[in-house]
Amino acid sequence: RKEVEQDPGPFNVPEGATVAFNCTYSNSASQSFFWYRQDCRKEPKLLMSVYSSGNEDGRFTAQLNRASQYISLLIRDSKLSDSATYLCVVTVNQGGKLIFGQGTELSVKP
Amino acid sequence: NAGVTQTPKFRVLKTGQSMTLLCAQDMNHEYMYWYRQDPGMGLRLIHYSVGEGTTAKGEVPDGYNVSRLKKQNFLLGLESAAPSQTSVYFCASSWDRRTRVNSPLHFGNGTRLTVT
């Protein structure tokens, strides 16, 4: 089993749709969680950290479920510019080994 | 403040040749990482370092060596390149001991390596 697994893509949605991605992790000692966005094989860029209580940044909401060992990302009112690959990242200890999921591709159509 | 700088940006090697990829960061980060990215595979951790003079294996370390002689530099070496090492390589850094924040990763722009 991979340490971090994401929903297989691609997700093709119309503008304005709500889309959700899930990511599961296998190590119960994992401490920090992030969502990154990657465009056209450029370097990944941080989208948002994921906190235990859940957090929101505009149209983006991240949730963490430690009991079930998964994190999620919800995007509301999708824009064309949201088209990208979304990567979840999990760390086992502070700043230590960081493992990426394989990424989920999102394509938002007019 | 340049962030994370990788050199070279592109390289073509023949099977059996060796090379070193250089990663430099000016953010005083403790931790540095080398990842490779292949289509459909996401980013896979090759090696990482949690401080000057220390290195550790990641998910796919075979065929690579690393060194962290200076805090700001993390070198990735390919001793005898193979076509399977054709990939995009990303370096990243994190963890500012001064602020004690588990900072997210800062990435370089990537190195596109082709082994023929």
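Residues numbered from 1 in each chain as written. Chains lettered and ligands numbered in written order. Predicted model: local features only at pLDDT ≥ 70, side-chain atom pairs only at ≥ 80, totals over all residues. Heavy atoms only, no water.

A. Region of interest: the nonpolar core. Counting 42 residues, the largest nonpolar core has A:Trp35, B:Tyr33, B:Tyr35, B:Leu105 and B:Phe107 as the members making the most contacts within it. Per-element accounting of this core gives the leading share, 6 residues, to strand E9 (residues 84-91) of chain A. Residues in contact with B:Phe107, not counting those within four places in the same chain, are A:Tyr36, A:Glu43, A:Pro44, A:Phe100, B:Val4, B:Tyr35, B:Leu43, B:Phe90, B:Cys91 and B:Ala92. Counting 19 residues, the second largest nonpolar core, distinct from the first, contains B:Val4, B:Met27, B:Met32 and B:Leu78. (Core = buried A, V, L, I, M, F, W, Y, C linked by side-chain atoms within 4.5 Å. Buried < 20%, exposed > 50% of the residue type's maximum accessible area, 1.4 Å probe, protein only. Helix = DSSP H or I, 4+ residues; strand = E, 2+ residues; numbered from the N terminus. Contact = heavy atoms within 4.5 Å.)

B. Summary view of the interface of chain B and chain A. Tallying the contact residues gives 23 residues for chain B and 20 residues for chain A. Across the contact surface, chain B and chain A share 0 salt bridges. Our enumeration of links across chain B and chain A arrives at 3 residue pairs in polar contact (both at pLDDT 80 or more). Contributing elements (two or more residues each) for the side of chain B that touches chain A: strand E4 (31-38), strand E5 (42-49) and strand E9 (87-94) of chain B. Here the residues of the side of chain B that touches chain A are counted per class, giving 14 nonpolar, 7 polar and 2 charged. (Salt bridge = Lys/Arg side-chain N within 4 Å of Asp/Glu carboxyl O. Polar contact = N/O pair within 3.5 Å; in protein donor to acceptor, adjacent residues only side chain to side chain. Nonpolar A, V, L, I, M, F, W, Y, C, P; charged D, E, K, R; others polar.)

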